[in-house]
Amino acid sequence: MTWLTPWVGAIAAAVAIPALLILYFLKLRRRDVEVSTTLLWKKAIQDLQANAPFQRLRRNLLLLLQLIVLAAALFALAQPQFKGATTKGQRHIILIDRSASMQSLDAPSPSGAPRPVQRLEAAKKEAIDLIESLREANAFQPNIADEAMVIAFDTTAEVVANFTSDKGALKRAVESIAATDGGSLLEEAMRLAQAHAPRRVVEGQAIEGLIAGEPVTMHLWSDGAIADASRILPGVENEVVYHAVGQEVTANIGITSIRAERDFENPTRLAVYISLQSCDDRERTLDVELTIDGVVAGVKTVTLPATERTPEITPEAAEAGKAPDRPAAATGGVVFALDLPQGAVITARLRTGGDDDPRADVLRVDDRASIIVPPAKRLSVAIVTRGNLFIQAALGGLPLARLVTFTPEQFQQEIDARRSREFDVVILDSWLPRLPQGETLPPGRWLVFNAVPGGTLGLIDDGPGDSALFVDWAREHPVMRGLVLDNAVIAESRRVRIPEGNPVAVLATMSTGPSITEIITPEARAIVVPFDIAQTTWPFDVSFVVFSASAVTYLGADGSDPSTLRMLRPGGVLADAIPLGASDPVLIEPDQRETPLVLAPDNRITFGPIRRAGLYQVRWSGSATDPGAARPLRTYAANMTDAFESDVRAHKRLVLASRTIASDQQGKVLDRRLWPWLLLAALAVLMFEWYVYNRKVYY
């Protein structure tokens, strides 16, 4: 036990205790009384002897009680406290994980109740205990107060409270932290923490990267499911204390992915694939329910195997700071086959028994996932060419509703007569339509070969280039996914440039610069291959057929990957373009809260980052309707579907880039203050003393 202000208590005791005794000595007030006989002198002398200074203090219960009260108050003034195990420095950074896994219901209740509480609530309670134990300033030591700041993080980080010694503000900041449905990334939180540290100043100049002042202690409350933990590199002078929340052995079953695909030959046939994951060490059988626009369409039963238990840490591994590899979670899945010609919102929900027993499924946010399915549709495609067998052969095998070939002159007439919009996708071969000055392409979806759309939002053509090879391509883009372009040789390339600020994305790059690009304007979307494919070996490679089919499908789906149409992830941003003519867009969140959106000049809307999973809707005014929906409303599905986050088994050791930290269960509280308890004891004794006094006076 230590004392924060021992001299204050000693000085106060030196004054208060003698003062109390002196008051007792002066307590007796005598008055003169004339008596008729001296027979009473003996009694008076005895009374005087009894009230001698030290005799007066004997067997005086009231004095004893008052001394106890005074002693408790003086001890409180000296501020005794039990020393914690992690105190280092006077500045603390409180990092609280608010990601989806922190909603798991497996943390022990602080009140001792048998029903567990959310991990985040337990973490907040421990953080508040830490704040309560911080040192405070006093009149004799004004600079002794500890300071702390609070940072909440999931995929992003937010400073909830800056460095302050105001415990009330810090506790309110911790209480205000709410859980989200996103993942957990610590890197941004660490950058925020270091950005608020004072810089070292040399000759009046702050040096970036060098921190001045005393080292800070970082207190991290998390379950350890931090995707980028191995990249975190805290300062060598700072201490990191990891407070693990949650159980190492726990039960959770969640949906890790949902995907829908229409049959290539019969688009009305729809298959919905749902992937599941279990981190329960028991075999689990559960039902998966599928609903279409809120109506139950089917239920299937699936059994997931048990996971293996995490092996115990050996003394040698603990000493070396190594944690044993944790067994992987069990996986499984289920497929629903449906006849669904129209578009719909499809939702999968798990029946795990978690409603009745939280321990059977500690995390519920991953029990539901939705997907937006567009209506079944065969595309209508036009080819504008003077004869290109490669393009016609590549598209010949596609199950299209209509494939029409035009000469450039014929299609220009279609454009002038405003009939070009009858086609979902138009392929332009070595030709561009006549356009007003400044326009890039007419409204529609275009696949352009051997031409460079210019205009205000287009490309700049720098003419023919040398022979080239593909050197890189966007493998995650729906059009380029799965392509292997290494074997394609371009005998005569074409050099293009992208003006700064133009909405052009590079999908592939060759040795001479951009080779395949995507242009997105308010009314048109185009994939541009600027060189002549007849001067390449690409048409003889299977990748050209795959590219042509993927580009037509992608453009026909309005620039979206049909398997991920309008799907979002918590932590991401909702960004989309609503139809021209729409105005006053409003976002309706899953809890039916409405938020007005700002409409950009190109009719794009943005909102985010999204915090919660569920269905989001964008509603607007005006006559414009969403294609395929025939109504001024568009729906988006935000799903957690994160296998790493659904594996909620808590990590008792956190592996950072520079060190491995074991959970500090004993160091959760720095110092335990005793002065509040002493004051309460003084108050209780004072009340008892008042009771005794009244008994002596009135009875």
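Up top is the structure.
Let us look at the structure shown here. (Residues numbered from 1 in each chain as written. Predicted model: local features only at pLDDT ≥ 70, side-chain atom pairs only at ≥ 80, totals over all residues. Heavy atoms only, no water.)

1. A look at helix α1 (residues 6-25)
Put simply, the rule reads: What counts as a helix is a DSSP run of H or I of at least four residues, what counts as a strand is a run of E of at least two, and both are numbered from the N terminus. An expected span of 1.5 Å times one less than the residue number is assigned to each helix. Values of bend correspond, residue by residue, to the angle between axes fitted over the seven residues ending at that residue and the seven starting there. Note on classification: 1.4 Å probe, protein chains only; a residue is buried when its accessible area is under 20% of the maximum for its type, exposed when over 50%, partly exposed between these limits. Should any heavy atoms of two residues lie within 4.5 Å, those residues are considered in contact.
Between the first and last C-alpha of α1 there are 29 Å, a value that for 20 residues agrees with the 28 Å anticipated at 1.5 Å per step. The largest bend along α1 measures about 25 degrees and falls at Ala13. Taken residue by residue, α1 has Val8, Gly9, Ala13, Leu20 and Tyr24 as its buried positions. Contacts from the buried residues of α1 go to α3 (61-78).

2. Points about the pairing of strand β7 (residues 157-164)
Side-chain positions along a regular strand alternate between the two faces of the sheet. The test is simple: The rule for pairing is simple: two strands pair if DSSP sees at least two bridges between them.
Inspection of the sheet shows strand β6 (residues 147-153) paired to β7 by five bridges, in the antiparallel sense. Bridge pairing links Ala152 to Glu158 in β7. Taking the residues between adjacent antiparallel strands as the criterion, β6 and β7 are bridged by three residues.

3. Overview of the sheet that holds strand β17 (residues 344-351)
Counted only if it meets this: To define axes, lines are fitted to C-alpha atoms, for helices over the stretch in contact only, and angles between the resulting N-to-C directions are given on a 0 to 180 degree scale.
Strand order across the open sheet formed by four strands is β15-β14-β17-β18, with antiparallel pairing between neighbours. Strands with a single pairing partner mark the edges of an open sheet, and in this sheet they are β15 (295-304) and β18 (368-373). In this sheet, neighbouring strand axes are inclined to one another by 20 degrees on average, regardless of whether the strands run parallel or antiparallel. Here nine bridges tie strand β14 (residues 284-292) to β15, and the two strands are oriented antiparallel to one another. Across the sheet, Thr285 pairs through a bridge with Thr303, a residue of β15.

4. Focus: the nonpolar core
Rules: Residues belong to one nonpolar core when they are buried, are Ala, Val, Leu, Ile, Met, Phe, Trp, Tyr or Cys, and are joined through side-chain atoms within 4.5 Å.
Counting 37 residues, the largest nonpolar core has Met480, Ile516, Ile527, Trp538 and Phe547 as the members making the most contacts within it. Those elements that place two or more of their residues in this core are β19 (380-384), α8 (389-395), β21 (425-429), β22 (444-449), β24 (468-473), β27 (504-510), β29 (524-529) and α10 (542-556). Considering each element in turn, this core owes the most residues, seven residues, to α10. Apart from residues no more than four positions distant in its own chain, Ile516 is found in contact with Phe470, Met480, Ala505, Val506, Leu507, Ala508, Ile527, Val528, Val529, Trp538 and Phe547. Val334, Ala344, Ala348 and Val373 belong to the second-largest nonpolar core, a separate cluster that totals 25 residues.

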